[in-house]
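Close look at the chain arrangement
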Amino acid sequence: MCKQGSARAFFSGLVVLAVAGAVGLAVPQRARAQRFFDGHDHDRGRHDQVRNWHSGAVYVLTDQSGGNRVIVYQRANDGTLSLSGSFPTGGKGMGTGADPLASEGALVLGSGDRLLFAVNAGSNDISEFAVRGLGLRLLAKVPSGGAIPVSIAVDGGLVYVLNAGGTPNVAGFVLSPFSNRLIPLPHSTQSLPGGKASAPAEIQFSPDGGVLAVSEKGTNKIDTFTVGSDGYLSSPQVTASSGATPFGFTFVRRNILLVSEAGPNALSSYRSNWNGGLVIITPSLPNGQNATCWVVATPGGRYAYTANAGTNNISSYAVSWDGDLSLLDPAAGATAAGSTPTDLALSSGGRFLYVRDGGNGTVSAFRIEDDGSLTPLGAVGGLPATTQGIAAR
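Residues numbered from 1 in each chain as written. Predicted model: local features only at pLDDT ≥ 70, side-chain atom pairs only at ≥ 80, totals over all residues. Heavy atoms only, no water.

Section: the overall build of the chain
- From N to C terminus, the chain includes 2 helices and 29 strands.
- The burial tally for the chain puts 56% of its 393 residues in the buried class.
- With the model as given, the accessible surface of the chain reaches about 14,100 Å², and the carbon-plus-sulfur share is 54%. (Helix = DSSP H or I, 4+ residues; strand = E, 2+ residues; numbered from the N terminus. Buried < 20%, exposed > 50% of the residue type's maximum accessible area, 1.4 Å probe, protein only. Areas by Shrake-Rupley, 256 points an atom, 1.4 Å probe, with all protein chains shown as cover.)

Following this line, the structure appears as structure tokens:
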């Protein structure tokens, strides 16, 4: 595994010269490139971060086949939401069911919450937005490097996309330091070990950027790649999931991985070692609910929450410093009957939890208390029945 922080510091060096008839791409080392980014437009970036902090927001992807959009809700200081705007991605979604992509991470923030990335599963591309207060400005729409993109991982200026169609794969991109626009990373695409049977659900970087992980629902495997200083991936390490149907996951602290398991309706934890391989810490810990598919953890990694689509509720877990799990409350938060909670996001700082309810087109809000319990803050509507993906700041 790379040294802590090396992957986070990666940033693209030059625009692809092949577009202008040249034949190469120069990709500098991560640390050197990140220094450029930190100094580039620093005052404006700092101003945007301050402005974005005072205008919290929740984003939901509509995933409509006739035209994909991002719905924006303004977040008040007390965590409640109000509908703010709608912004087209320029691409198309899949447009069917409460969980059309069967994934987590279809909509993610990056670069200090200044960029937002969205999958367009129906047109096989991804969209990149600049975040300006409660507004979004479309910066780029690029082919995803495969078919049916379902999840995106961002680490500094390095982006990887998970494509679930055909023979599922991962494909890399970098951000231009001059325009912040996505550029394909040549020869970075890798097919998943599970092949056509993998049915992948999520892709995500570890906090230090040294490991990239993918969950394979169809083969009950977890794939991990180490990330080089040039942004390229190693060959994958394949780990058998503790329980059936590994779905969503999240890293906490440096190298602890929490994985939701839809088969036993459980959460498990792993430690990633120096070469990216996984070692089990807590095997499947059931919550007694149904359709446990999505998971998030508070910024300090103290608490984790799973969305249980079949029982319309949220379970809470405690996470020790070493990654041991214990079940706090199997039904810590309830959503409306028939709401089918199918994705989760935390606000900046982890004070509020937001749940995308695929069954009734709402977003449910909760305040996270010091003891990990959840206080309901109500729900807000305005979503079509095809949504997939949620992000918050």
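Once you've had a look at it, read on.
Some details on the nonpolar core
- Counting residues in hydrophobic clusters, the biggest one holds 50 residues, and the most contacted among them are Tyr59, Val70, Leu116, Leu136, Tyr160 and Leu212.
- Excluding residues that lie within four positions of it along the chain, Leu212 makes contacts with Ala153, Tyr160, Ile203, Gln204, Phe205, Asp223, Thr224, Phe225, Val227 and Leu233.
- Listed in part, the 19 residues of the second largest apolar core include Ala201, Cys293, Ile368 and Leu374. (Core = buried A, V, L, I, M, F, W, Y, C linked by side-chain atoms within 4.5 Å. Contact = heavy atoms within 4.5 Å.)

Remarks on the packing of aromatic side chains
- The tally for this structure, following the rule as stated, stands at 2 aromatic pairs.
- Centroid distance Tyr160 to Phe205: 6.4 Å. Interplanar angle 70°. Geometry classified as edge-to-face. Residue Tyr160 is found in strand 9 (residues 158–163), and its partner Phe205 is found in strand 13 (residues 200–205); the two are separated by 45 residues along the sequence.
- When its relative accessible area of 0% is taken as the criterion, Tyr160 is described as buried.
- Note that Lys217 overlies the ring of Phe247, its terminal NZ or CZ placed 5.4 Å from the centroid. (Phe/Tyr/Trp six-rings, centres within 6.5 Å; stacked < 30°, edge-to-face > 60°. Lys NZ or Arg CZ within 6 Å of the ring centre and 35° of its normal.)

Thoughts on the sheet that holds strand 4 (residues 107–110)
- Here 4 strands make up an open sheet; going across it, the order is 4-5-6-7 and the pairing antiparallel. Strand pairing shows two members of the sheet lacking a second neighbour, strand 4 and strand 7 (135–143), which therefore form its edges. In this sheet, neighbouring strand axes are inclined to one another by 25° on average, regardless of whether the strands run parallel or antiparallel. (Pairing = 2+ DSSP bridges. Axes fitted to C-alpha atoms, helices over the stretch in contact; angles between N-to-C directions.)

Some details on the sheet that holds strand 3 (residues 81–88)
- A sheet is described by the order of its strands in space; here 4 strands give the open sequence 3-2-1-29, paired in antiparallel fashion. Either end of the sheet is taken by a strand with one partner, and the two such strands are strand 3 and strand 29 (390–392). Across the sheet, the axes of successive neighbouring strands diverge by a mean angle of 20°, strand direction being ignored.
- Where strand 1 (residues 57–61) lies against strand 29, 3 bridges are found, and the strand directions are antiparallel. Within strand 29, the position partnered with Val60 by the bridge is Ile390.

Some thoughts on the pairing of strand 7
- Pairing between strand 6 (residues 125–132) and strand 7: 8 bridges, direction antiparallel. Directly across from Phe129, in strand 7, lies its bridge partner Leu138.
- Here strand 6 folds back onto strand 7, and the loop between the two strands holds 2 residues, one of which, Gly133, carries a positive phi near 60°.

Concerning the side chain of Asn265
- Topologically, Asn265 is positioned in the loop between strand 18 (256–261) and strand 19 (266–272).
- Its relative accessible area of 11% is what places Asn265 among the buried residues.
- A polar side-chain atom of Asn265 sits 2.7 Å from the main-chain amide nitrogen of Ala291.
- A polar side-chain atom of Asn265 sits 3.2 Å from the main-chain amide nitrogen of Thr292. (Polar contact = N/O pair within 3.5 Å; in protein donor to acceptor, adjacent residues only side chain to side chain.)

Looking at unusual backbone geometry
- At Ala199, a position not held by glycine, the phi torsion is positive, near 45°.
- By secondary structure assignment, the location of Ala199 is in the loop between strand 12 (190–191) and strand 13.
- One non-glycine residue, Thr340, lies in positive phi territory at about 55°.
- On the accessibility criterion, Thr340 (22% relative accessible area) is partly exposed.

Regarding the confidence of the model for the chain
- On average, residues of the chain carry a pLDDT of 88, and 86% of them reach 70 or more.
- Per-residue pLDDT stays below 50 along residues 1–53; that stretch engages in 119 contacts with residues further than four places along the chain or on separate chains. (pLDDT = per-residue confidence, 0-100.)

Overview of the side chain of Asn255
- For Asn255, the position within the fold is in the loop between strand 17 (246–252) and strand 18.
- Setting aside residues no more than four positions away along its own chain, Asn255 makes contact with Tyr270, Arg271 and Ser272.

Quick notes on the pairing of strand 27 (residues 362–368)
- For strand 27, a buried count of 6 out of 7 residues is recorded, marking the element as mostly surrounded by other parts of the structure.
- When strand 26 (residues 352–357) meets strand 27, the two strands line up antiparallel, connected through 6 bridges. What sits directly across from Asp357, in strand 27, is Thr362.
- The loop that links strand 26 with its antiparallel partner strand 27 comprises 4 residues; one of these, Gly361, has a positive phi angle of about 70°.

Some words on the pattern of salt bridges
- Scanning the entire structure with this criterion turns up 3 salt bridges.
- Between Asp208 and Arg254 there is a salt bridge whose closest N-O contact spans 3.5 Å. You can see Asp208 sitting in the loop between strand 13 and strand 14 (211–216) and its partner Arg254 sitting in the loop between strand 17 and strand 18, a full 46 residues away along the chain.
- The partly exposed category is assigned to Arg254, whose relative accessible area is 34%. (Salt bridge = Lys/Arg side-chain N within 4 Å of Asp/Glu carboxyl O.)

A word on the environment of Gly209
- Relative to the helices and strands, Gly209 is located in the loop between strand 13 and strand 14.
- For the pair formed by Gly209 and Asp155, sequence separation is 54 residues and the distance between their alpha carbons is 6.2 Å.

A word on the environment of Gly95
- Note on placement: Gly95 falls in the loop between strand 3 and strand 4.
- Since its relative accessible area comes to 23%, Gly95 is described here as partly exposed.
- On a C-alpha basis, the gap between Gly95 and Ala121 in space is 9.3 Å, while along the polypeptide they are 26 residues apart.
- The residues contacting Gly95, other than those within four sequence positions of it, are Asp63, Gln64, Ser65 and Thr386.

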